[in-house]
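# Secondary and tertiary structure notes
Listed below are the residues making up each chain.
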Amino acid sequence: MPPIHQHLDLPPSEEKARFVRAMFGRIAGRYDLMNAIMTLGRDRRWRRRVVALAAPPPEGRLLDIGAGTGGIALAARARFPRLDVVAADFTPEMMAVGRRSPGGHRMSWCAADALTLPFAAARFDAVVSGYLVRNVTAPDRLFAEQFRVLKPGGRLVCLDTTPPRGPLAPLIRFHFKRIIPLMGQWVGGDRGAYTYLPESTRTFLAPEALAASLVRAGFVQVRWQTFMFGTMALHIAVKPVASGEA
Ligand SMILES: C[S@@+](CC[C@H](N)C(=O)[O-])C[C@H]1O[C@@H](n2cnc3c(N)ncnc32)[C@H](O)[C@@H]1O
């Protein structure tokens with residue numbers, strides 16, 4: 001598959017954003033089902049883990065950016081009923097599915113580009129994301145925005161896939177390249193989208209590189225854990241209370 005920015009005369013970042021928005025617009029209706037099948041039903045547990053690690057004050061404010069159908073935001077509301085939860089995304093079709101889901105009406109939905117967030121500085125106690133980062137062309141800018149909207153002492157938690165490595169890597173790559181696109185065709189009705197998704201994982205940042213991007217944005221206490229045969233990574237980072245804290 002040629003890089004998507006070869007098709008149009010646009011800056012790569014704009015073209016990728018268009019491509020990503022159109023793709024999630026197409027698959028929105030089957031997105032949750034496909035996730036449940038691809039992860040053998042474990043995705044809900046991982047989203048609950050994101051919320052537990054974000055540990056917002058029970059009456060604080062949490063932003064789920066790249067929220068899609070709102071899986072993490074809904075888990076946050078379920079765990080902290082008085083938490084002010086904002087789910088933001090740039091694909092309206094994904095948010096429309098989330099709004100209709102149980103509990104979806106009890107939070108705010110916001111059309112927003114993660115690279116230029118429409119929120120004041122220091123607005124949120126926690127910022128979380130699930131499977132967003134590999135869809136953007138500028139992770140440094142993405143994390144700088146999340147840093148800006150977090151309160152000092154606030155936490156970022158980022159869940160994403162990570163390029164396979166280790167002895168199982170060939171098997172996992174085969175699964176990504178052959179099995180997932182087939183499942184995408186049968187269940188999701190869109191082979192192209194489910195070719196892009198594993199491909200974007202293969203070429204994505206290793207956990208160390210993602211952590212380095214967080215450090216460049218100003219975060220401290222950056223750590224990560226991998227799981228699911230090393231195919232998923234959860235990064236946790238803190239905005240320092242005073243500048244210069246390490
Ligand atoms: C793989 S889905 C993840 C949805 C949800 N976070 C989850 O855990 O299932 C990625 C989402 O990121 C959104 N997205 C990608 N790039 C974005 C950007 N620059 N600004 C806002 N949303 C973006 C897409 O529209 C899509 O809904």
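Anyway, here's the lowdown on the structure attached to this text. What you see is a predicted model, and the numbers here were worked out from it, not measured in a lab. (Residues numbered from 1 in each chain as written. Predicted model: local features only at pLDDT ≥ 70, side-chain atom pairs only at ≥ 80, totals over all residues.)

Another aspect to go through is the overall build of the chain. Summing up its helical and strand segments, the chain has eight helices and seven strands in all. The C-alpha radius of gyration computed for the chain amounts to 17 Å, which stays within 12% of the reference 18 Å derived for 246 residues, consistent with globular compactness. Summarising its shape, the C-alpha atoms of the chain cover approximately 45 × 40 × 40 Å along the three principal directions. Counting the 246 residues in the chain, one finds 41% classified as buried. Intrachain contacts of the chain at a sequence separation of at least 6 include 66% that bridge at least 24 residues. (Helix = DSSP H or I, 4+ residues; strand = E, 2+ residues; numbered from the N terminus. Rg over C-alpha atoms; globule rule 2.2 N^0.38 Å. Buried ≥ 20, exposed ≤ 12 C-beta atoms within 10 Å, placed from the backbone. Contact = placed C-beta atoms within 7 Å.)

Here the focus is the site of the ligand. Lining the immediate surroundings of the ligand are 21 residues, of which G66, G68, T91, A114 and G130 lie closest. Those elements that place two or more of their residues in the shell around the ligand are α1 (12-38) and α3 (71-79). (Near = placed C-beta within 6 Å.)

Tracing the backbone through its elements, the reader meets T69 in the loop between β1 (61-65) and α3. Measuring from C-alpha to C-alpha, the distance between T69 and D89 comes to 9.0 Å, with 20 residues separating the pair along the chain. Apart from the residues within four sequence positions on either side, T69 is in contact with Y31, D32, M94, V97, G98 and S101.

All right, on to the pairing of strand β2 (residues 84-89) then. Taken across its six residues, β2 has five buried, putting it largely inside the fold. By the bridge criterion, five bridges tie β1 to β2 in an arrangement that is parallel. Among the inter-strand pairings, L63 is bridged to a residue of β2, identified as V86. Taken together, β1, α3 and β2 form a β-α-β motif whose crossover is right-handed. Here four bridges tie β2 to strand β3 (residues 108-111), and the two strands are oriented parallel to one another. (Pairing = 2+ DSSP bridges. Right-handed = clockwise from strand over helix to strand, strands pointing away.)

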